[in-house]
Structure formats: C-alpha cells, structure tokens
Amino acid sequence: MEGLGGDGAAVTSPVAQWKSNFSRAFQYYLDRSTPHTLYRWIGTLVVAMIYILRVYYVQGFYVVSYGLGIYVLNLLIGFFSPKVDPELEPLDGPSLPTKGADEFKPFVRRLPEFKFWYSITKAFIIAFIMTFFSVLDVPVFWPILLCYWIVLFVLTMKRQILHMIKYKYVPFDIGKQRYTGKK
C-alpha cells in the first residue's frame, strides 16, 4: 500500500495543477477588471463585432446567432428586472415604492451589471467557437428568424417597460440628482 499518499499529502496531477493555476490567474484578472466598466464593455463590443464579422464572412450559423440573440434577450430581462418582483413575491423586506408617499428604496437588479457583462461576453465567445463546427451550420431562411426575434424583442420589452411604469422604477443609474431651486 505504499505510494498511495500514506502520509496524508494530496498528490496532484500536472493537469490538475495547471487547471488550478489557470483558474487562479483568470480569477485574478477578472477581479482586476471589475472597476473598469467602460473598458470591459468596449472589449465585449470588440468580441461581438468579431463574431458578427465571422458570421457575415461565413454566410451561415444563423441558428447559432438566433440562439445567442434569445440568450442575450433573457439576460437583458434579468438586468432590467428588480431582484424582488412585487407581482410575484409577498414583500417581507425592502421593496420598490409604488406611491409617491413611499420612501425611496434603491433598485436592486436580479442580474448585476458584472454578471450581465460576464455572461454576454462568454456567450459571444462560445458562439464564435461554435462557428468553427460545420455541423452547427443548419440551413435556414434567416430573415424569418430575424423577424421572429424582433417581434419577440418588442413584445418582451413592451411588457418589461409596462412593468417598470406600473411599479415606478428605473433600472438605470443616472447619477446624483441636482436641484436648481424654484424658477
């Protein structure tokens, strides 16, 4: 029974060690990118443009693009939605104000900005990698997919905007309000 780590020390394989080092380094750079919101989104736009150019150049992978669009729409809904939805959950703690007399309660997103950014970036990278596998290039009439996605987007955003109006919340941070006084 010798050689099985009898002294209690964990024996790690080189692959496990490399995975651990890579994961630690990746998390380090991800943590360092957190305060740089503008540069993160510029990087995501560059990745998205590379993906769009790849799809345009190959003239295919419309189903992959449609799936990516549905996923991004789902993320967008989570980004615009409050963490506690007043329609679905009974309110035990802080809630969104529904009347003018209610006190201000900050908007807490269901999907925070960093997770939203990270998920969209990952989605574009995965979709880009998927464009290198011809089995995923399903022949389809892409204008129908585009029209269907636009209708889905409009109906979903209409419902979300009506929800925002009904419960009087704005999911955007527009900075500190400045009062100019009476005019």
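Everything discussed here concerns the structure shown above.
Below or above, wherever it landed, is the structure these notes cover. Note that the structure is predicted; figures quoted are calculated from it, not measured.

Considering the packing of helix H1 (residues 14–33) against helix H4 (residues 113–130)
Where H1 contacts H4, the two axes come as close as 12 Å, and the packing angle between them is 125°. As far as their axial angle goes, H4 and H1 are oblique. In this structure, H1 meets H4 at a crossing whose hand is right-handed. For the pair H1 and H4, contact is made by Phe26, Leu30 and Ser33 and by Phe114, Trp117 and Tyr118, respectively. Of the residues contributing to the contact of H1 with H4, the split by class is 5 nonpolar, 1 polar and no charged.

Concerning unusual backbone geometry
For Gln59, which is not glycine, the phi dihedral falls at a positive 55°. With respect to the element layout, Gln59 can be found in the loop between helix H2 (37–58) and helix H3 (62–80).

Focus on the nonpolar core
Buried together is how nonpolar side chains tend to be arranged in soluble globular proteins. Judged by nonpolar contacts, the single largest core of 24 residues is most densely connected at Tyr51, Leu68, Phe80, Phe116, Phe124 and Met157. Secondary-structure elements contributing two or more residues to this core are H2, H3, H4 and helix H5 (142–167). The biggest single contributor to this core is H3, with 9 residues.

Here's the deal with the side chain of Thr156
Relative to the elements of secondary structure, Thr156 occurs in helix H5. Separated by 2.7 Å, the side chain of Thr156 and the backbone oxygen of Leu152 make a polar contact. Setting aside anything within four residues of it in sequence, one finds Thr156 in contact with Leu73 and Ile77.

What counts, and at which threshold
- Residues numbered from 1 in each chain as written.
- Predicted model: local features only at pLDDT ≥ 70, side-chain atom pairs only at ≥ 80, totals over all residues.
- Heavy atoms only, no water.
- Axes fitted to C-alpha atoms, helices over the stretch in contact; angles between N-to-C directions.
- Helix = DSSP H or I, 4+ residues; strand = E, 2+ residues; numbered from the N terminus.
- Parallel < 35°, antiparallel > 145°, perpendicular 65-115°, else oblique.
- Left-handed = near helix turned anticlockwise from the far one by under 90°.
- Contact = heavy atoms within 4.5 Å.
- Nonpolar A, V, L, I, M, F, W, Y, C, P; charged D, E, K, R; others polar.
- Core = buried A, V, L, I, M, F, W, Y, C linked by side-chain atoms within 4.5 Å.
- Buried < 20%, exposed > 50% of the residue type's maximum accessible area, 1.4 Å probe, protein only.
- Polar contact = N/O pair within 3.5 Å; in protein donor to acceptor, adjacent residues only side chain to side chain.

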